[in-house]
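Spelled out from the first residue to the last, the chains are:
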Amino acid sequence: MTTGTLITVAPTGAESSKADVPALPVTLDELTLTAKECAALGAAVIHVHIRDDEARPTLDAGRLRETVAALREGTDLIVQLSTGGAVTDPEAARLAVLDAGPDMASCTMGTVNFGDDVFLNRWEFIVDLHTRMQERGIVPEYEIFDLGHLTALQRLLGKYGLPAGGHVHVDFVMGVPGGMPGTTDALVACRQALQDLPAGTTFSATGVGRSTLPVMLASLSAGGHLRVGMEDTITYAKGQPVESNMQLVARAVSFAQLAQRPPLTPAEARQLLGL
């Protein structure tokens with residue numbers, strides 16, 4: 001258990017539309033402003049999806065490079081790009097995300113049903129993503145949608161070695177229809193399974209939709225960290241739409257402070273994650 005809390009903001013995602021969620025940051029200016037606001041409140045990492053001129057999810061290489069540069073210029077946040085993209089994105093485009101040179105990138109540890117779709121992550125693709133990040137010094141965040149994904153991670157590390165920086169950090173993504181539920185029992189099961197991973201492995205937890213609050217509270221009580229943002233929930237409370245990502249980060253910060261585990265600064269987060 002660490003004495004501080006790593007807070008990641010995931011402001012956009014690939015699922016919600018700008019038409020349905022007007023507060024969603026989809027332009028570079030909106031994303032940069034959101035990053036600055038959330039950093040001021042206590043976020044240390046930004047998990048980034050980008051959109052095109054029509055606000056549709058994209059993995060355009062030029063836009064990704066421009067986004068990484070703008071976030072680095074405007075904030076001291078750790079920039080973590082999603083290699084998941086949208087569920088329809090091809091593997092080649094997802095691998096090419098690394099060409100934008102982020103500090104971190106996501107690495108999902110298995111295939112999962114994602115609502116009515118399938119989020120495909122073949123073993124060969126996972127290995128390719130992991131080893132390319134090793135070669136480029138990009139630190140992965142291993143995304144865990146189900147308990148078996150932790151077993152897959154144990155296999156990956158045993159066969160291909162530790163990630164860049166030497167520190168293993170995972171994110172439990174909970175409450176996705178088709179993945180593990182966003183419950184305390186599920187989080188405890190995942191937390192117990194971490195004992196099979198390298199000593200010092202840390203975890204964050206993400207509660208999707210209505211599981212946001214129970215997952216945050218369970219993660220803090222179990223010594224974990226937090227990921228919040230409009231990628232994962234667009235409702236602040238029942239019948240109350242989220243007004244901004246700042247609102248979600250502020251709540252996470254207040255919970256962390258109440259748990260006497262105040263937010264880590266970006267510099268402290270870099271030390272924790274081996275950056």
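The paragraphs below set out a description of the structure included in this document. A quick note: this is a predicted structure, and the numbers were derived from the prediction, not measured.

**A few points about the sheet that holds strand β9 (residues 139–144)**
Reasoning step 1: Pairing is parallel around the closed barrel formed by 8 strands, whose spatial order is β1-β2-β5-β6-β9-β10-β11-β12. With direction set aside, neighbouring strand axes in the sheet form an average angle of 30°.
Reasoning step 2: Here 2 bridges tie strand β11 (residues 202–207) to strand β12 (residues 225–228), and the two strands are oriented parallel to one another. Bridge assignment links S204 to a residue of β12, and that residue is H225.
Reasoning step 3: Each of β2 (45–48), β5 (78–81), β6 (104–108), β9, β10 (169–174), β11 and β12 touches helix α9 (residues 266–273); the most contacted strand, β5, lies at about 55° to it.

**Digging into the environment of S106**
Reasoning step 1: Within the secondary structure, S106 is located in strand β6.
Reasoning step 2: Along the primary structure S106 and G84 are separated by 22 residues, whereas in three dimensions their C-alpha atoms are 7.2 Å apart.
Reasoning step 3: Excluding its chain neighbours within four sequence positions, the residues that come into contact with S106 are H47, Q80, L81, S82, T83, G84, L129, M133, E141 and E143.

**Regarding the packing of aromatic side chains**
Reasoning step 1: Applying the stated criterion to the full structure yields 4 aromatic pairs.
Reasoning step 2: Ring geometry for F172 against F203: centres 5.0 Å apart, planes inclined by 25°, an arrangement best described as stacked. Within this pair, whereas F172 is found in strand β10, its partner F203 is found in strand β11, the two being separated by 31 residues in sequence. The two residues F172 and F203 agree in class, both being buried.
Reasoning step 3: Taken together through their ring pairs, the aromatic side chains of F114, F119 and F145 make up a single cluster.
Reasoning step 4: In this structure, R155 is placed above the aromatic ring of W123, and the distance from its NZ or CZ to the ring centre is 3.8 Å.
Reasoning step 5: The ring centre of Y236 lies 4.1 Å from the NZ or CZ of R251, which sits over that ring.

**Side note on helix α5 (residues 148–160)**
Reasoning step 1: Look at α5: 18 Å from first C-alpha to last across 13 residues, which is about the 18 Å you get at 1.5 Å a residue.
Reasoning step 2: Inspection of α5 places H149, L150, A152, L153, L156 and L157 among the buried residues, and these make up the whole buried set. In an axial view of α5, the angular spread of the buried residues amounts to 155°, which keeps them on one side of the axis. In α5, the exposed positions that point more than 90 degrees away from the buried face belong to G158 and K159.
Reasoning step 3: One or two steps after α5, the chain reaches G161, where phi turns positive at roughly 90°.

Rules of the game
Residues numbered from 1 in each chain as written. Predicted model: local features only at pLDDT ≥ 70, side-chain atom pairs only at ≥ 80, totals over all residues. Heavy atoms only, no water. Pairing = 2+ DSSP bridges. Helix = DSSP H or I, 4+ residues; strand = E, 2+ residues; numbered from the N terminus. Axes fitted to C-alpha atoms, helices over the stretch in contact; angles between N-to-C directions. Contact = heavy atoms within 4.5 Å. Phe/Tyr/Trp six-rings, centres within 6.5 Å; stacked < 30°, edge-to-face > 60°. Buried < 20%, exposed > 50% of the residue type's maximum accessible area, 1.4 Å probe, protein only. Lys NZ or Arg CZ within 6 Å of the ring centre and 35° of its normal. Expected span 1.5 Å × (residues − 1). Arc of directions from axis to C-beta.

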